[in-house]
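Okay, here's what each chain looks like letter by letter:
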Amino acid sequence: MASLRSIAQREADDIRDGIAWVVVYRNGKSWESLELWSDIWNGIFEAAEKEAIGEILETDENAVALNGYYCGRLGEDMTINELENGIRWHYENGCNLLRGYFSNVDI
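Residues numbered from 1 in each chain as written. Predicted model: local features only at pLDDT ≥ 70, side-chain atom pairs only at ≥ 80, totals over all residues. Heavy atoms only, no water.

Caption draft 1: Up close: the pairing of strand 2 (residues 30–36). In terms of strand pairing, strand 1 (residues 21–27) meets strand 2 through seven bridges, oriented antiparallel. Across the sheet, the residue bridging to valine 23 is leucine 34, located in strand 2. The loop that links strand 1 with its antiparallel partner strand 2 comprises two residues; one of these, glycine 28, has a positive phi angle of about 70°. (Pairing = 2+ DSSP bridges. Helix = DSSP H or I, 4+ residues; strand = E, 2+ residues; numbered from the N terminus.)

Next up, the structure:
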């Protein structure tokens, strides 16, 4: 069972760099994550990522897609504690919901 802090530690480089998108979601009481390298701004997803995203959204419709370059409350100089708080803020406030990026994509 992963804590949000362990997700922040594991995904810190990808979130800080702002190149990949990091999807963070709940699976029961546990937190999970997935790095996406697709062009989510334009709704272009790799086939394998489409399948994974579909499974994530079935597990947690409130999953968030985060990127330190595009998303507020996240940044390249943040500590793990600050990243954890930023991730939590996005999730609890429903900001950058994965379903918003994925809603117009054909599966």
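Having seen the structure, we can now continue with the description.
Caption draft 2: Quick look at the packing of aromatic side chains. Taken as a whole and judged by the stated rule, the model has seven aromatic pairs. On the basis of an interplanar angle of 75° and a centroid distance of 5.8 Å, the ring pair of tryptophan 21 and tryptophan 41 is categorised as edge-to-face. A residue pair is termed long-range when its members are at least 10 positions apart, and tryptophan 21 in strand 1 and tryptophan 41 in the loop between strand 2 and helix 2 (47–59) qualify at 20 residues. A relative accessible area of 3% places tryptophan 21 in the buried class. Arranged with centres 5.8 Å apart and planes meeting at 90°, the rings of tryptophan 41 and tyrosine 101 form a pair that is edge-to-face. Of the two residues, tryptophan 41 sits in the loop between strand 2 and helix 2 while tyrosine 101 sits in helix 4 (residues 98–102), which places them 60 residues apart along the sequence. Given the relative accessible area of 13%, tyrosine 101 is considered buried. One cation-aromatic arrangement involves arginine 73 over tryptophan 89; the distance from NZ or CZ to the ring centre is 4.0 Å. (Phe/Tyr/Trp six-rings, centres within 6.5 Å; stacked < 30°, edge-to-face > 60°. Buried < 20%, exposed > 50% of the residue type's maximum accessible area, 1.4 Å probe, protein only. Lys NZ or Arg CZ within 6 Å of the ring centre and 35° of its normal.)

None of this, on its own, says anything about what the molecule does.
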